Amino acid sequence: MKLKPEVFAQLARVLSSVEQLLPEALPPIDWGHTLAANWRRHSFAGCLEAIEHIEATRLEDLLGIEQQKATLEENTRQFVKGYPANNALLWGSRGTGKSSLVRALLNHYAGQGLRIVQIDKNDLEHLSDIFGRIGRQPYRFIILCDDLSFESGDPGYKILKSVLDGSVYAAPENVLIYVTSNRRHLLPEYHSENLEAKVVDGEIHHGEAVEEKISLSDRFGLWVSFYAFKQERYLEVVRQTTARLCAENGLEPRWDEELSQAAIKWSHDKGKRCGRTALQFARAWVGRLRLAQEE
């Protein structure tokens, strides 16, 4: 049957429209040379896209969180070796090193087969697709959902809950889930919900709303808490970070009252004492010293 020219033109327009809905064709990821990838959603489909440049954070660069490092590194080392290990929730104040610690673990254990796939909260419905693509790879994968929090009615909440339960969306044996969040229970908490609590036989029993919120975070086998620094710890981290950056830039390390007061003022201006604030101050200070040398 011979089609009329106007029919061909209509088919061409349809195909052109469909192509715009499909993701750009990407080659399969070579996990032998790729350490991390992002899940990139496009209309109703999605694909894994290799991350070419990864921040070269080392475990020894992360100061002031020794206990958190030891806890998560032990869990990650168990996982890399194929031993039982837990999904992990890293929660706490912003800028305290949660995401940096996961990146440092990737850099440390990449040579032993560790890889990371990063996924956005809005793409949690695609977890089963990701599992299908990495489940048979000869590597150990951490699915990282960074800065995660839910609002009431978010569909990803129940999907993640199901994955952690190991039910319909059960993760493959070579996959763990690490989540970072500013919220301990990943959901907003309201004062009114605490009014539902009751005391039974001397024990506090939360109301249904609180129990539902706790039920998700409770499914993570490992909780790692991060807190803002006290001033003494903050200044020690500033001192060590400044010394490291000075050494990397061929400068003589320096620590005196002027530098200490400048670091304190910087933390006041930023409104927080944490590892991120210390690093930002050290970069600014050492950068100014380098500029002064050129003048």
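Every value quoted in this text rests on a predicted model; they were computed, and no experiment measured them.

### A short note on the overall build of the chain
Helix and strand counts for the chain stand at ten helices and nine strands. Per-residue burial over the chain gives 40% buried out of 295 residues. At a minimum sequence separation of 6, the contacts of the chain that also span at least 24 residues come to 73%. If you sum the accessible surface of the chain, you get close to 17,000 Å²; carbon and sulfur atoms cover 50% of it.

### Here's the deal with the environment of Gly135
Mapping Gly135 onto the fold places it in the loop between helix 4 (127-134) and strand 5 (140-145). Assessed through its relative accessible area of 27%, Gly135 is described here as partly exposed. Linking Gly135 and Pro172, residues 37 residues apart in sequence, is a C-alpha distance of 5.5 Å.

### So, the packing of aromatic side chains
For the structure on display, the rule yields four aromatic pairs. Arranged with centres 4.9 Å apart and planes meeting at 80°, the rings of Trp31 and Phe141 form a pair that is edge-to-face. You can see Trp31 sitting in the loop between helix 1 (5-21) and strand 1 (36-42) and its partner Phe141 sitting in strand 5, a full 110 residues away along the chain. In this pair, the class of Trp31 matches that of Phe141, namely buried. Through pairs of rings, three or more aromatic residues link up here, namely Trp266, Phe281 and Trp285. Directly above the ring of Phe79 sits Arg140, whose terminal nitrogen or CZ lies 4.6 Å from the centroid.

### Topic: the confidence of the model for the chain
Scored by pLDDT, the chain has a mean of 85; 80% of the residues are at 70 or more. Low confidence marks residues 191-197, where pLDDT is under 50. Its contacts with residues over four positions away, or in another chain, come to 13 contacts.

### Considerations on the pairing of strand 5
Burial within strand 5 is extensive, with six of its six residues counted as buried. Of the two faces of strand 5, both are covered, the one formed by Arg140, Ile142 and Leu144 as well as the one formed by Phe141, Ile143 and Cys145. Strand direction decides the pairing type here: strand 4 (residues 114-118) and strand 5, joined by five bridges, are parallel. Among the inter-strand pairings, Leu114 is bridged to a residue of strand 5, identified as Arg140. Considered for its hand, the β-α-β crossover made up of strand 4, helix 4 and strand 5 is right-handed. As defined by bridge partners, strand 5 adjoins strand 6 (residues 175-181) across five bridges and the pair is classed as parallel. Bridging from a neighbouring strand, Ile142 pairs with Leu176 of strand 6.

Parameters at a glance
Residues numbered from 1 in each chain as written. Predicted model: local features only at pLDDT ≥ 70, side-chain atom pairs only at ≥ 80, totals over all residues. Heavy atoms only, no water. Helix = DSSP H or I, 4+ residues; strand = E, 2+ residues; numbered from the N terminus. Buried < 20%, exposed > 50% of the residue type's maximum accessible area, 1.4 Å probe, protein only. Contact = heavy atoms within 4.5 Å. Areas by Shrake-Rupley, 256 points an atom, 1.4 Å probe, with all protein chains shown as cover. Phe/Tyr/Trp six-rings, centres within 6.5 Å; stacked < 30°, edge-to-face > 60°. Lys NZ or Arg CZ within 6 Å of the ring centre and 35° of its normal. pLDDT = per-residue confidence, 0-100. Pairing = 2+ DSSP bridges. Right-handed = clockwise from strand over helix to strand, strands pointing away.

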